[in-house]
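Working through the structure, step by step
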Amino acid sequence: MDAIGAGLVRGVRDVIDKPAQMLANAFSTSEGQRVQALNEQGAADFKAGYDGSTAADVARIGGQVAATLPAAGIIGGGVGAAGALAAAPRVAQLGAAISSGGLTAQGASLATRAAGGAIAGGATAGLVDGEAAGSGALIGAALPGAVRGLGLAANRLGSVVRGPEVATGIREAAQAGQAAGYVVPPTQVNPSLVNRVMEGAAGKLSTAQNASARNQEVTNRLAREAIGAADLTPESLAAVRSTANAAYDALGRSAPFVADDAFRSALQKATGNARAMTKDFPELRNSEVEALVDGLSSRGEFGAQSTIEAIKQMRFNGSANRASLDPAKKALGSVQMKVAGALEDLIDRNLERTGQQELLTGYRAARQTLAKVYDIEKALNPTTGNVDAAKLAAALKKGKPLSGTLREAAEFAQAFPKAVQTPERMGSLPGTSPLDWAAVGGIAAASGGNPLSFAGLAARPLARAAALSAPVQRGLVRAAEEAAQPRLGVNPGAAALLGRTAYAAPASRDQ
């Protein structure tokens, strides 16, 4: 490195010394002679110190090329102008390559850039020493390829350190989940080298299990918030349902609900597939479905309380029928659920049309609350009081219109299924494993029974605590977002090591 540094400095001095001597001669002969002697002494000292050093000689030529690059700019500018006048884009690209010493040239191939570097290197080195023109050309031609190789190596290092790219949806889900209080295994959001090492030391499985244990309380809290319940016991859920039903009781004392075209249209849509099938296969006609829909379609109004009771019964029967293995029962169950929804919408339109705002507000709130209670009960383990976020995710995937905090839990579970395992499914969470004890025991034996060796047992629990700690969790989404925004940088490997990235500018097709 010392020879390279000295060679670069000597090369720059070579360029400076000649004009300095000419300027000194302009003032007086004696001053010119003094400067010439100093220049010759400097050259002699360099030769004495680095004679036979190839690194120093190559670096000296490199310093001469760098110091005379303005001359390359003049040459390249002339070539580029000629290419532009002649409408020859390759010549114009060569001019740009000469001006930059082959380092940049928009759209130019690596061969064109190498040629530009050779011309620039030979011309600039020849300005200092005519005998060095050939060596300057060789160095200039090699420089673009060397720089490209360094850039590719840096990008490969950055890719290894950054880890695979994470989808935008994962980052957004992590951000929303963290706002709700969830934690995630770090590598699932930002698989940087640091996070991979940390999670590897903690154990991927145990990190996910510990994250799940923390997240269970978050899921339970979100479920409680969804329905305004103090806890998720059967008694609490019954109390919530009773409060919501009070709004239905008030609704039951209202005027009858008048059927409209929207209601009849919804009924026909509910049986669209079944009716289409029976046109070609009348033998498969489902009489129960047709009787239900045709009977409701022929009526002009429905009593308020009887409509409420009909909705409850159709939802109960529909849920049971949809779970049947009998295709006819399954089809009936699907229609019953759709008819129940059509009746609920009819109530909504009637209340809005007649201006019964208080009843309408109470009905809508009760309708949403009862639906959420139903969703929670489907995902709840009544013995432990834990809500399975994975079941909420499955319901959302099937098209269940979850909303509010239940939707937050379901979407997080869809994105990070391994971080929402219920404690009942995981079992106990030991802090250490037999493998940890075996490894530490081996180290202790090798060190003569040093008791400090057993401090290693704390390594994995500490690594897990670090992976799920607030500072690491806060930095995950921010680092992943920065990694998704390419920007210029000189050291992508070092930047990505800390969970960030500094991409080089997108390469052109020939780089």
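Residues numbered from 1 in each chain as written. Predicted model: local features only at pLDDT ≥ 70, side-chain atom pairs only at ≥ 80, totals over all residues. Heavy atoms only, no water.

Time to look at the overall build of the protein. The secondary structure content of the protein amounts to 24 helices and 4 strands. Among the 511 residues that make up the protein, the fraction classed as buried is 38%. Within the protein, residue pairs in contact and separated by at least 24 positions form 65% of the contacts whose partners lie at least 6 positions apart. Here the protein displays about 26900 Å² of accessible surface, and carbon together with sulfur accounts for 61% of that area. (Helix = DSSP H or I, 4+ residues; strand = E, 2+ residues; numbered from the N terminus. Buried < 20%, exposed > 50% of the residue type's maximum accessible area, 1.4 Å probe, protein only. Contact = heavy atoms within 4.5 Å. Areas by Shrake-Rupley, 256 points an atom, 1.4 Å probe, with all protein chains shown as cover.)

In terms of nonpolar packing, the biggest core is built from 37 residues, with Val387, Leu392 and Phe416 touching the most fellow members. At the level of elements, α8 (168-180), α10 (204-227), α11 (234-252), α17 (357-379), α18 (389-397) and α19 (404-415) are the ones that each hand at least two residues to this core. Per element, the largest residue contribution to this core is 6 residues, and it comes from α10. Contact partners of phenylalanine 416, with chain neighbours within four places excluded, come to Ile170, Ala173, Ala174, Val184, Gln188 and Val189. Among the nonpolar cores identified, the runner-up in size contains 28 residues, and Leu251, Phe257, Leu296 and Ala366 belong to it. (Core = buried A, V, L, I, M, F, W, Y, C linked by side-chain atoms within 4.5 Å.)

Right, let's talk about the environment of lysine 330 for a bit. Among the secondary structure elements, lysine 330 is positioned in helix α16 (residues 327-353). Taking relative accessible area as the criterion, lysine 330 reaches 38% and is therefore assigned partly exposed. Along the chain, lysine 330 and serine 319 lie 11 residues apart, while their C-alpha atoms are 9.2 Å from each other. Once you skip the residues sitting within four places of it in the chain, lysine 330 turns out to touch Asn321, Arg322 and Ser324. Within the structure, the side chain of lysine 330 is placed 2.8 Å from the backbone oxygen of arginine 322, a separation counted as a polar contact. (Polar contact = N/O pair within 3.5 Å; in protein donor to acceptor, adjacent residues only side chain to side chain.)

Turning our attention to the pattern of salt bridges. Under the criterion given, the structure shown has 15 salt bridges. The salt bridge involving arginine 425 is made with aspartate 388; its shortest N-O contact spans 2.9 Å. Here the residue arginine 425 occupies a position in helix α20 (residues 423-426), and aspartate 388 occupies one in the loop between β4 (386-387) and α18, the gap between them amounting to 37 residues. Classification of aspartate 388 by relative accessible area gives buried; the value is 8%. Connected through shared salt-bridge partners, Arg315, Glu344, Asp345 and Arg367 make up one network. (Salt bridge = Lys/Arg side-chain N within 4 Å of Asp/Glu carboxyl O.)

The interhelical angle for the contact between α10 and α19, taken along N-to-C directions, is 150°, at an axis separation of 8 Å. As judged from the angle between their axes, α10 and α19 are roughly antiparallel. Residues Asn215, Thr219, Leu222, Ala223, Glu225 and Ala226 of α10 form the contact with α19, whose participating residues are Thr405, Leu406, Glu408, Ala409 and Phe412. Residues belonging to the contact of α10 with α19 are distributed by class as follows: 6 nonpolar, 3 polar and 2 charged. (Axes fitted to C-alpha atoms, helices over the stretch in contact; angles between N-to-C directions. Parallel < 35°, antiparallel > 145°, perpendicular 65-115°, else oblique. Nonpolar A, V, L, I, M, F, W, Y, C, P; charged D, E, K, R; others polar.)

So, about the environment of alanine 413. Here alanine 413 shows up in helix α19. In sequence terms alanine 413 and alanine 390 are 23 residues apart; their C-alpha atoms lie 5.6 Å from each other. The contact partners of alanine 413, leaving out residues within four places of it in the chain, are Ala389, Ala390, Ala393 and Val420.

Quick look at the packing of aromatic side chains now. Each pair of aromatic rings is reported with the distance of its centres and the angle of its planes. Taken as a whole, this structure holds 4 aromatic pairs when the rule is applied. Aromatic side chains tyrosine 248 and tyrosine 363 sit 5.7 Å apart centroid to centroid with 70° between the ring planes, which places their arrangement in the edge-to-face category. Placement of the pair is tyrosine 248 in helix α11 and tyrosine 363 in helix α17, with a sequence separation of 115 residues. In this pair, the class of tyrosine 248 matches that of tyrosine 363, namely buried. Taking the centre distance of 5.6 Å and the plane angle of 70° together, the rings of phenylalanine 263 and phenylalanine 302 count as edge-to-face. Taken together, the positions of phenylalanine 263 in helix α12 (residues 261-270) and phenylalanine 302 in strand β2 (residues 301-302) put the pair 39 residues apart, joining distant regions of the chain. The same class applies to phenylalanine 263 and to phenylalanine 302, which are both buried. (Phe/Tyr/Trp six-rings, centres within 6.5 Å; stacked < 30°, edge-to-face > 60°.)

Confidence along the protein averages 78 in pLDDT terms, with 74% of residues attaining 70 or more. Mean pLDDT per element in the protein: helix α24 (residues 492-497) is the minimum at 43, and α19 is the maximum at 95. (pLDDT = per-residue confidence, 0-100.)

Turning our eyes to something else, we now look at a nonpolar patch on the surface. A cluster of nonpolar side chains, contributed by Met277, Phe281 and Leu284, occupies part of the molecular surface with about 300 Å² of accessible area. Look at methionine 277 and you get partly exposed, because its relative accessible area is 36%. (Patch = residues over 30% accessible without salt bridge, like charges linked within 9 Å, V, L, I, M, F, W, Y side chains within 5 Å.)

This brings us to helix α15 (residues 304-322). Given a rise of 1.5 Å per residue, 19 residues ought to cover 27 Å, and the 27 Å separating the end C-alpha atoms of α15 matches this to within 8%. Taken residue by residue, α15 has Ala304, Thr307, Ile308, Ile311, Met314, Gly318 and Asn321 as its buried positions. Down the axis of α15, the buried side of the element spans an arc of 165°, and every buried residue falls inside it. More than 90 degrees from the buried face of α15, the exposed residues found are Gln313 and Phe316. (Expected span 1.5 Å × (residues − 1). Arc of directions from axis to C-beta.)

Okay, α8 next. Taking 1.5 Å per residue, 13 residues should reach 18 Å; α8 reaches 19 Å between its end C-alpha atoms and fits that length. All of the buried residues in α8 are Arg171, Ala173, Ala174, Gly177 and Ala180. One or two residues past the end of α8 sits glycine 181, with phi positive at roughly 115°.

Another point: the packing of α12 against α16. Relative orientation of the contacting elements α12 and α16 amounts to 170°, with a least axis distance of 9 Å. One finds that α12 runs roughly antiparallel with respect to α16. On α16, the residues touching Ala262, Phe263, Ala266, Leu267 and Ala270 of α12 are Val335, Lys338, Val339, Ala342, Leu343, Leu346 and Arg349. Looking at the contact of α12 with α16, its residues break down into 10 nonpolar, no polar and 2 charged.

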